Amino acid sequence: MTISKEIREQVQQRANYACEFCGVRETDVGGTLTIDHYQPQSKGGSDKLENLIYSCACCNQYKQDYWNTDESSPKLWNPRSELYEKHFIELEDGQLVALTLTGEFTCKRLRLNRPPLIAHRLQRRRQAEKTRLLEQYQDVVLSLTQLNTQLTNLVTEQQDLLKQQRDILRALLRNQQDSF
Ligand SMILES: [Zn+2]
């Protein structure tokens, strides 16, 4: 059976236009990604939405038609039903470390530590850090602008008070001279 255009678009949107296995986005590869059957069609998998995963060509190719037919064979991580954080942790150097047996098997099978993917994670980290620093910078600029306004207001207030002080002193002096 072929997957209809509507279903394809739903899978694409649901995945936020990124590979559900490795996170690579359409904008990273400059094109649409592929639709993977979590349970392969050759192993009885359906074309239903819950069995479809938006996947980059690389992950799809490495996964092939893997399916754990019995309890003793390792299970592949299902990004549609299990949280990424449950199975993997990403290190600062971009390496992915498996936390579970499923994670370990998936990491090996889909080559989730393939060098271009590690480079991609590092690039994404750098981009996130740059965004964070830019936001921080904007916050500081905003605080400085607010402080400047407050400072200008304080100086104006100080000048007013000094003028009042002078006026009162003059009046006092005049008052004293008049009394002699
Ligand atoms: Zn992928």
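Structure first, text after, so check above.
Residues numbered from 1 in each chain as written. Predicted model: local features only at pLDDT ≥ 70, side-chain atom pairs only at ≥ 80, totals over all residues. Heavy atoms only, no water.

Q: Which residues make up the packing of aromatic side chains, and what values go with them?
A: Tallying each qualifying case throughout the model produces six aromatic pairs. Between Trp77 and Phe88, the aromatic rings sit 5.2 Å apart at their centres with planes inclined by 80 degrees, giving edge-to-face as the arrangement. With a gap of eleven residues between them, Trp77 in the loop between α3 (57-63) and α4 (84-87) and Phe88 in strand β3 (residues 88-90) connect regions that are remote in the sequence. Look at Phe88 and you get buried, because its relative accessible area is 2%. What links up through ring pairs into an aromatic cluster is the set Phe21, Trp77, Tyr84 and Phe88. (Phe/Tyr/Trp six-rings, centres within 6.5 Å; stacked < 30°, edge-to-face > 60°. Helix = DSSP H or I, 4+ residues; strand = E, 2+ residues; numbered from the N terminus. Buried < 20%, exposed > 50% of the residue type's maximum accessible area, 1.4 Å probe, protein only.)

Q: So what's going on with the coordination of the zinc ion? Which residues, and what values?
A: Of the protein atoms, only Cys19 (SG), Cys22 (SG), Cys56 (SG) and Cys59 (SG) coordinate the zinc ion, at distances of 2.3 Å. Here the zinc ion is ringed by four donor atoms whose angles at the metal span 102 to 117 degrees, and the overall shape comes out tetrahedral. Counting the intervening residues between successive donors of the zinc ion yields the motif C-x2-C-x33-C-x2-C. On the criterion of sequence distance, the pair formed by Cys19 in the loop between α1 (5-14) and α2 (26-29) and Cys56 in the loop between β2 (52-55) and α3 is long-range, its members being 37 residues apart. On the basis of relative accessible area, Cys19 is assigned to the buried category, the value being 3%. (Donors = N, O, S within 2.8 Å, 3.2 Å for Na, K, Ca; no water. Tetrahedral: all angles 85-135°; square planar, octahedral: opposite > 155°, others 65-115°.)

Q: Help me get a handle on the pairing of β2, residues and values and all.
A: Residues Leu52 and Tyr54 line one face of β2 and the alternating positions Ile53 and Ser55 line the opposite face, and both faces are buried. By the bridge criterion, four bridges tie strand β1 (residues 34-37) to β2 in an arrangement that is antiparallel. In the strand pairing of β2, Thr34 is matched with Ser55. (Pairing = 2+ DSSP bridges.)

Q: How would you explain the layout of surface pockets if you had to name every residue and give the values?
A: Taken as a whole, the largest pocket spans an internal volume of roughly 320 Å³. In terms of lining residues, the largest pocket is bounded by 19 residues, among which Cys19, Glu20, Gly23, Trp77 and Tyr84 are the most central. Elements with a minimum of two residues in the lining of the largest pocket: α4 and α6 (115-179). If one sorts the elements of the lining of the largest pocket by residue count, α6 sits on top with three residues. Residues belonging to the lining of the largest pocket are distributed by class as follows: nine nonpolar, two polar and eight charged. (1 Å grid on protein atoms, 1.4 Å probe; cavity = no way out; pocket = protein on both sides within 12 Å on 5 of 7 lines; lining within 4 Å. Points joined across faces, edges and corners; volume = space filled by probe spheres on them. Nonpolar A, V, L, I, M, F, W, Y, C, P; charged D, E, K, R; others polar.)

Any link to function would need more than the numbers given here.
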